[in-house]
Amino acid sequence: MIRAWRAVSPYAYIAPFFGLFAAFGLFPLIYTAFVSLYRVELQTPGDMEWRGLGNYVALFSDEFFWISLRNTFTIGVLSTVPQLVMALGLAHLLNYKLRGRTFFRTAMLLPYATSVAAATLVFAQLFGRDFGLVNYALGLIGVSPVDWQTGTVASQVAVSTIVIWRWTGYNALIYLAGMQSIPSELYEAAEMDGASRWRQFLHVTLPGLRPTIVFTVIVSTIGATQLFGEPLLYEGSVSGGISHQYQTLGLYMYEQGWGFFHLGRAAAIAWVMFLLIVVLVGVNALLARRRSRKEAGR
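Described below are features of the structure shown in this document. Predicted model, so just to flag it, every value in this text is computed and none were measured. Position labels on residues start from 1 in each chain and follow its written sequence. Since the coordinates come from a predicted model, pLDDT governs what is reported: local features require at least 70, and pairs of side-chain atoms require 80 or more to be given and counted, while whole-chain, interface and lining totals use all residues. Each side-chain value is worked out from all heavy atoms of the structure, with water and hydrogens disregarded.

This brings us to a nonpolar patch on the surface. Residues with no salt bridge and a relative accessible area higher than 30% make up the patches, which join like charges within 9 Å and nonpolar side chains (Val, Leu, Ile, Met, Phe, Trp, Tyr) within 5 Å. Every accessible area reported is derived by Shrake-Rupley at a probe size of 1.4 Å, with residue values counting cover from the shown protein chains alone. Take a side-chain nitrogen of Lys or Arg and a carboxyl oxygen of Asp or Glu: if they are within 4 Å of each other, that pair is a salt bridge. A cluster of nonpolar side chains, Tyr 11, Tyr 13, Ile 14, Phe 17, Phe 18, Phe 21, Leu 26, Leu 29, Ile 30, Phe 274, Leu 275 and Val 278, forms an exposed patch at the surface whose accessible area comes to about 1,200 Å². Among the elements of the structure, α1 (2–35) and α14 (263–296) are those that each provide at least two residues to the nonpolar patch. Sort the elements by how many residues they give to the nonpolar patch and α1 lands first, with nine residues. To qualify as a helix, a DSSP run of H or I must reach at least 4 residues; to qualify as a strand, a run of E must reach at least 2; elements of each kind are numbered from the N terminus. Structurally, Tyr 11 is set in helix α1. Here Tyr 11 falls in the exposed class, since its relative accessible area comes to 60%. Only protein chains enter the accessibility calculation, which uses a 1.4 Å probe; a residue is then buried when its area is under 20% of its type maximum, exposed when over 50%, and partly exposed in between.

Note on placement: Pro 82 falls in helix α3 (residues 63–94). Separated by 79 residues in the primary sequence, Pro 82 and Thr 161 place their C-alpha atoms 9.5 Å from one another. The criterion used for residue contact is that any of the two residues' heavy atoms lie within 4.5 Å. Aside from chain neighbours lying at most four places away, what touches Pro 82 is Val 77 and Ile 164.

It is worth spelling out the layout of surface pockets at this point. Cavity and pocket criteria rest on a 1 Å grid covering protein atoms alone: a 1.4 Å probe that fits but cannot get out defines a cavity, protein on both sides within 12 Å along at least 5 of 7 lines defines an open pocket, and an atom within 4 Å of a point defines a lining residue. Grid points are joined across faces, edges and corners, and a volume is the space filled by probe spheres set on the points. Its boundaries defined by the atoms lining it, the largest pocket holds a volume of some 540 Å³. The wall of the largest pocket is formed by 21 residues, among which Phe 73, Val 217, Thr 221, Leu 280 and Asn 284 lie closest to the centre. Listing elements by their share of the lining of the largest pocket, those giving two or more residues are α3, α11 (210–225) and α14. Its residues placed into classes, the lining of the largest pocket shows 14 nonpolar, seven polar and no charged. As a volume, the second largest pocket reaches approximately 350 Å³. Forming the boundary of the second largest pocket are 13 residues, of which Asn 95, Tyr 96, Ser 184, Tyr 187 and Gln 200 lie nearest the centre. Where the lining of the second largest pocket is concerned, the elements lending two or more residues are α8 (152–180), α9 (184–192) and α10 (197–208). If you tally residues by element for the lining of the second largest pocket, the top one is α9, at four residues. Its residues placed into classes, the lining of the second largest pocket shows four nonpolar, six polar and three charged. Throughout this entry, Asp, Glu, Lys and Arg are counted as charged residues, while Ala, Val, Leu, Ile, Met, Phe, Trp, Tyr, Cys and Pro are counted as nonpolar. The remaining residues, Gly among them, count as polar.

Working note: non-glycine residues mostly have negative phi, and peptide bonds are mostly trans. Phi is positive for His 244, close to 60°, though the residue is something other than glycine. For His 244, the location among the structural elements is in the loop between α12 (229–235) and α13 (249–259). What makes His 244 buried here is its relative accessible area of 12%. A positive phi angle, near 70°, is found at Phe 261, a position not held by glycine. Here Phe 261 shows up in the loop between α13 and α14. Taking relative accessible area as the criterion, Phe 261 reaches 32% and is therefore assigned partly exposed.

Spelled out as structure tokens, the structure:
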């Protein structure tokens, strides 16, 4: 009996996790794929009409889907690239012995701990066209007021700024943890060879942080693909502006499901987003693996 329990007990310990995952992760995923093949309306969810791939065909023939896909990509690039570069620089500064390091490290998490609703509403006021602080500052240097909610590029920059503000500190602490795992002997050897701090950063810090950088790029890519709260609350419209200029795939899915009541099409959008994330993560992992093999072969 004891021997049998020892063989079974490891599976008993992990069974709650797999049970919760099956109930709240796997089942919704499979059921969403099932619903995406039917015509389902929010008012009458019990009346399901078989459409096959009709929802996907209608989706790919909708110009607003391609607009939201393009917006998701541009906002993702505008928010992810500066965010990770700034996080890397902040982590590099915090890695040195500074006064009040604990305070600064704690302050890095404050934007991440702030409610997305509160942060977005504050930034919406800052980017106001007539009385916003950003336009006031631009006016001091002779720049005309910018319509941060109507212009395509301007509105996407504004939404990206909110994402950058919220997630830069979080990624900085991840990079900082990765930097502290790099052996100090490597820095000492580089310093003895006469390498400056910049060269130490290029030839010691960056190679040692490669797995961490790949992780943050993948997580940021997933987050950018699922971006929803910031563009929704920026103007309070599910259409992402009067001309859909900053409507992301998440907003487009919400609009189709809870704005137009097309649950079948919303489920199809959800699965397109899932497959898009899988492809993007696979491409990032493949590029990172090829780079590692190329450097290992040198």
